[in-house]
Protein chains: 2
Amino acid sequence: MNIKDLYNDYLTSFNAYLNSMSLPGSPAHLYEPIVYTMSLGGKRLRPVLTLMTADMFGAKRSDVLPVALSIEMFHNFTLLHDDVMDRADVRRGRPTVHRKWNDNVAILSGDTMLTLATQYLTLVPEHYLKGAIELFNRTAIEIYEGQQMDMDFEQRDDVTVAEYMEMIRLKTSVLLGAACRMGALVGGASSDDSNALYEMGVNLGLAFQLQDDLLDVWGDPEKFGKQIGGDIMCGKKTFLLITAMTEATGADRDVLAYYIGGDGRCAPREQKVTAVMSVYDNLGLRERAISSIASYSAKAVSVLSKTSLSPHNISVLSELINMLTSRES
Amino acid sequence: MNIKDLYNDYLTSFNAYLNSMSLPGSPAHLYEPIVYTMSLGGKRLRPVLTLMTADMFGAKRSDVLPVALSIEMFHNFTLLHDDVMDRADVRRGRPTVHRKWNDNVAILSGDTMLTLATQYLTLVPEHYLKGAIELFNRTAIEIYEGQQMDMDFEQRDDVTVAEYMEMIRLKTSVLLGAACRMGALVGGASSDDSNALYEMGVNLGLAFQLQDDLLDVWGDPEKFGKQIGGDIMCGKKTFLLITAMTEATGADRDVLAYYIGGDGRCAPREQKVTAVMSVYDNLGLRERAISSIASYSAKAVSVLSKTSLSPHNISVLSELINMLTSRES
């Protein structure tokens, strides 16, 4: 089976389980936003990682599905609260919960999702429970720290690439690491194997986020599903912008100063995006980002050789990493 | 030792443990609000209940303290997020977190407190972990449901006393029940004893909340620490207002209609509070509230006779219940 079909198999299995989930109907303002959020779809990357890695360590599917749901529900909770904090209007092409309902509904149904996520985790076999909860909580705390750093960055002009990489490690990558480690945990993997799977997930996460930054600028809007240049328009401190602000000199420096912090920040979309992209081009940032993605992706693959996984399973995970880090959407 | 001194002993033990808690310093906007919130004090009723009940079942103090902290941290997380939702400016005489910092800080540091609360719970002896987490999560979900009901009530004019009692059972009482049950759980109590302790806590919680409604109207501002009539000023649907709106007739009905939903809702404080209080007086609501408090409080005491607790311990808990439900602050 090719990797895409395998991915879709896990996705189907997860979605069937998700659809079997039943929540109380009342109070409606508490539970409707949760059903809405969970039904918006998305790649379901984290639960697929958990299901796939758990399979490789021989876990029972019925033991893993609640863990996969826990991780996906947690992920969607963070998106819901992040959207309130970032005043985002749209998520996956649909109005965000705080826009469709209001801030209070988004805060409280998000809190409920966090508790439900922990609750699904208690369905894990009891001898894995303590480890699973500790991994979940440690990861959650790191993600909050990452979100706070991201918000702090908005007020700063001196963010370094190293700080940015640490922020996306916390905000995005550790959850991919935890999704893989959770699969290993429920499969009863050794601590060496669990550590390696975690490292794989974290490096995949770093590559994945850089790919996101790249697609926002050079992606095909048809495939990416969003307008190109969104990050540039809101002056979001991505790998690209931070590197450019650190390295640009002369006219390029003036262009950034004008469009990012200066009078040009409200310039028409095409003008602003084209100008900033030309600075990126002059610095060769597209190639550098691609090379950085390749390097994290290679790290994710190479760490697999440290595990006790079969050559077949190593090759499946390698293909998955390659598929995810060369995606166009 | 009298009950007040005993309470203060547990309080001192809890506060010492709380002060020994160490959190990371960075990101500052994530952790400073948590330290601020936890240091605002309050009665610490929930952790005292956990410590006291656990002692009665012979639990080790070091096993119970993290559980007590978990419950208190959870309680403070709910206050923090509730204050954002209710746009409250002051909590325990100090600015609320969203006023002192901002909404985003309050949302994210609240999320962190919820995860930290779950994390402290994992320090419980491992054979109690699953039960403790399930009790914690079930209680948390009920509290969110209660908060949503409370917010829904603001938009409604037909709330019944039965609905109000169910709302405060969820929003306030189940956490007192859970605090007691958590103590029983860590002390290895039988399921009958645990159920009885839970019932005690829930009835204590109902009495406690009605006492709060009462103090808001007839309390001594010096002792209560807040201006009298706050609930009347914001038209909060308490036991008193709901009963009055259901039962008032003639001129009393007109007074309520004028001051609560009508043109008089922005009338000067003294005028509005005096007018609504006169309706309460005409309906004998002070006496009825006192009698209702006495009845829940008696239920809380009577359920103790079903337990295997010693007569001494039963009398200690009865004194505690009486102290808490005859409080003036």
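Just so you know, these numbers come straight off a predicted model, no measurement behind them. (Residues numbered from 1 in each chain as written. Chains lettered and ligands numbered in written order. Predicted model: local features only at pLDDT ≥ 70, side-chain atom pairs only at ≥ 80, totals over all residues. Heavy atoms only, no water.)

K.L.:
Is there a simple way to think about the overall build of chain A in this case?
P.N.:
Counting secondary structure elements, chain A contains 16 helices and two strands. Taking 2.2 N^0.38 as the reference for a compact globule, 329 residues should give roughly 20 Å; the C-alpha atoms of chain A span a radius of gyration of 20 Å, in line with that estimate. The principal-axis extents of the C-alpha atoms in chain A amount to approximately 60 × 50 × 35 Å. Nonlocal contacts in chain A, meaning residues at least 24 apart in sequence, comprise 74% of its contacts between residues at least 6 apart. About 13200 Å² of surface is accessible on chain A, with carbon and sulfur atoms providing 50% of the total. Charge separation in chain A, taken as the distance between the mean sites of 31 positive and 41 negative side-chain charges, equals 2 Å. (Helix = DSSP H or I, 4+ residues; strand = E, 2+ residues; numbered from the N terminus. Rg over C-alpha atoms; globule rule 2.2 N^0.38 Å. Contact = heavy atoms within 4.5 Å. Areas by Shrake-Rupley, 256 points an atom, 1.4 Å probe, with all protein chains shown as cover. Lys, Arg positive; Asp, Glu negative; His and termini not counted. Charge placed at Lys NZ, Arg CZ, Asp CG, Glu CD.)

K.L.:
Explain the environment of alanine 54 of chain B here, please?
P.N.:
Residues and elements named next belong to chain B. With respect to the secondary-structure elements, alanine 54 resides in helix 3 (residues 45-56). Residues alanine 54 and arginine 181, 127 residues apart in the sequence, show an inter-C-alpha distance of 8.8 Å. The residues touching alanine 54, leaving out its near neighbours within four places in the chain, are Ala59, Val64, Gly183 and Gly187.

K.L.:
Looking at this structure, how should I read the pattern of salt bridges?
P.N.:
Between side chains of opposite charge, pairing is possible as soon as their charged atoms come close. All names here are of chain B. As enumerated under the stated definition, the model contains 30 salt bridges over all chains in all. One salt bridge connects glutamate 163 with arginine 156, and the closest N-O pair in it is separated by 2.9 Å. Given a relative accessible area of 26%, glutamate 163 falls into the partly exposed group. Taking the shortest distance from any N to any O, the salt bridge between glutamate 166 and arginine 169 comes out at 2.9 Å. (Salt bridge = Lys/Arg side-chain N within 4 Å of Asp/Glu carboxyl O. Buried < 20%, exposed > 50% of the residue type's maximum accessible area, 1.4 Å probe, protein only.)

K.L.:
Explanation requested: the side chain of serine 70 of chain A in the structure shown.
P.N.:
Residues and elements named next belong to chain A. Relative to the elements of secondary structure, serine 70 occurs in helix 4 (residues 61-85). What makes serine 70 buried here is its relative accessible area of 0%. In terms of polar contacts, serine 70 uses its side chain to reach the backbone carbonyl oxygen of alanine 117, at 2.7 Å. For serine 70, the residues in contact, after removing those within four places along its chain, are Ala117, Tyr120, Leu121 and Phe136. (Polar contact = N/O pair within 3.5 Å; in protein donor to acceptor, adjacent residues only side chain to side chain.)

K.L.:
Honestly, the environment of isoleucine 3 of chain A in this entry has me stumped. Any pointers?
P.N.:
All names here are of chain A. Structurally, the position occupied by isoleucine 3 is in helix 1 (residues 3-20). On a C-alpha basis, the gap between isoleucine 3 and histidine 312 in space is 12 Å, while along the polypeptide they are 309 residues apart. When sequence neighbours within four positions are dropped, the list of residues in contact with isoleucine 3 reads Met52, Val316, Glu319, Leu320 and Met323.

K.L.:
Honestly, the relation of the copies chain A and chain B in this entry has me stumped. Any pointers?
P.N.:
In this structure, two copies of a chain are linked by a rotation about an axis accompanied by a shift along it. Mapping chain A onto chain B calls for a screw motion: a turn of 180° about the axis and a shift of 0.0 Å along it, with 0.0 Å RMSD after fitting. On this basis, the relationship between the two copies can be described by a two-fold rotation axis. Looking at chain A, 100% of its interface residues are interface residues in chain B too, so the copies touch through the same face. (Least-squares fit on C-alpha atoms with pLDDT ≥ 70 in both.)

K.L.:
Which parts of the structure should I look at to understand the interface of chain A and chain B?
P.N.:
Contacts between the two partners involve 36 residues from chain A, matched on the other side by 36 residues from chain B. Taken over both partners, the interface formed by chain A and chain B buries close to 3400 Å², and the fraction arising from carbon and sulfur atoms is 64%. The tally of links from chain A across to chain B stands at zero salt bridges. For the side of chain A that touches chain B, the secondary structure elements donating two or more residues are helix 2 (28-38), helix 4, helix 6 (103-121) and helix 7 (126-154) of chain A. Residue contributions to the side of chain A that touches chain B peak at 15 residues, all from helix 7 of chain A. Its residues assigned to classes, the side of chain A that touches chain B shows 18 nonpolar, 12 polar and six charged. (Buried area = accessible area lost by both parts, 1.4 Å probe. Nonpolar A, V, L, I, M, F, W, Y, C, P; charged D, E, K, R; others polar.)

K.L.:
Help me understand the packing of aromatic side chains, please; the structure alone is not making it clear to me.
P.N.:
Centre-to-centre distance and the angle between the planes together describe a pair of aromatic rings. All names here are of chain A. Following the criterion strictly, the structure yields 14 aromatic pairs over all chains and no others. Taking 5.3 Å as the distance between ring centres and 70° as the angle between the ring planes, the aromatic pair formed by phenylalanine 74 and phenylalanine 136 counts as edge-to-face. Taken together, the residues span a long stretch of sequence, with phenylalanine 74 in helix 4 and phenylalanine 136 in helix 7 at a distance of 62 residues. Taking relative accessible area as the criterion, phenylalanine 136 reaches 6% and is therefore assigned buried. Taken together through their ring pairs, the aromatic side chains of Phe74, Phe77, Phe136 and Tyr144 make up a single cluster. (Phe/Tyr/Trp six-rings, centres within 6.5 Å; stacked < 30°, edge-to-face > 60°.)

K.L.:
I'm lost on helix 9 (residues 191-218) of chain A in this one. Help?
P.N.:
Structural remark: α-helix, 3.6 residues per turn; residues separated by three or four positions point the same way. The end-to-end C-alpha distance of helix 9 of chain A is 40 Å, a good match for the 40 Å that 28 residues give at a rise of 1.5 Å each. Where burial is concerned, most of helix 9 of chain A is hidden: 23 out of the 28 residues are buried. (Expected span 1.5 Å × (residues − 1).)

K.L.:
Help me out: how do you make sense of the side chain of threonine 50 of chain B in this one?
P.N.:
The residue threonine 50 of chain B is located in helix 3 in this model. The contacts of threonine 50 of chain B, once residues within four sequence positions are left out, are Val64, Val67, Ala68, Ile71, Ala179, Met182 and Gly183 of chain B.

K.L.:
Mind showing me how you'd approach the state of the cysteines here?
P.N.:
A covalent bond bridging the sulfur atoms of two cysteines is what the word disulfide describes. Residue and element names in this part refer to chain A. The tally for this structure, following the rule as stated, stands at zero disulfides over all chains. Unpaired in this structure, cysteine 266 has its nearest cysteine sulfur neighbour in cysteine 234, at a distance of 12 Å. Cysteine 266 gets classed as exposed once you look at its relative accessible area, which sits at 67%. (Disulfide = S-S within 2.5 Å.)

K.L.:
I'm lost on the packing of helix 1 (residues 3-20) of chain B against helix 3 of chain B in this one. Help?
P.N.:
Helix-helix packing is described using two parameters, namely the angle between the two axes and the distance between the axes. All names here are of chain B. Where helix 1 contacts helix 3, the axes come no closer than 9 Å and their chain directions differ by 105°. It follows that helix 1 is roughly perpendicular to helix 3 by the angle criterion. The segment helix 1 lies against helix 3, with Ile3, Leu6, Tyr7, Tyr10, Leu11 and Phe14 engaging Leu45, Pro47, Val48, Leu51, Met52 and Asp55. Along the lines of polarity and charge, the residues of the contact of helix 1 with helix 3 split into 11 nonpolar, no polar and one charged. (Axes fitted to C-alpha atoms, helices over the stretch in contact; angles between N-to-C directions. Parallel < 35°, antiparallel > 145°, perpendicular 65-115°, else oblique.)

K.L.:
When you look at unusual backbone geometry in this model, what are you seeing that I'm missing?
P.N.:
All names here are of chain A. A cis amide bond, omega 0°, links serine 26 with the succeeding residue proline 27. Inspection of the secondary structure assignment puts proline 27 in the loop between helix 1 and helix 2. Backbone geometry at arginine 87 places phi at a positive 55°, although glycine is not the residue there. The residue arginine 87 is located in the loop between helix 4 and strand 1 (90-91) in this model. On the basis of relative accessibility, which here comes to 46%, the residue arginine 87 falls in the partly exposed class. In this structure, arginine 92 is a non-glycine residue whose phi angle is positive, near 55°. We classify arginine 92 as partly exposed; its relative accessible area is 35%.

K.L.:
Explain the confidence of the model for chain A here, please?
P.N.:
Detailed reading of predicted coordinates is not advised where the pLDDT is low. Predicted confidence across chain A gives a mean pLDDT of 95, with 100% of residues reaching 70 or more. The ipTM for the predicted assembly is 0.95, set against a pTM of 0.95. (pLDDT = per-residue confidence, 0-100.)

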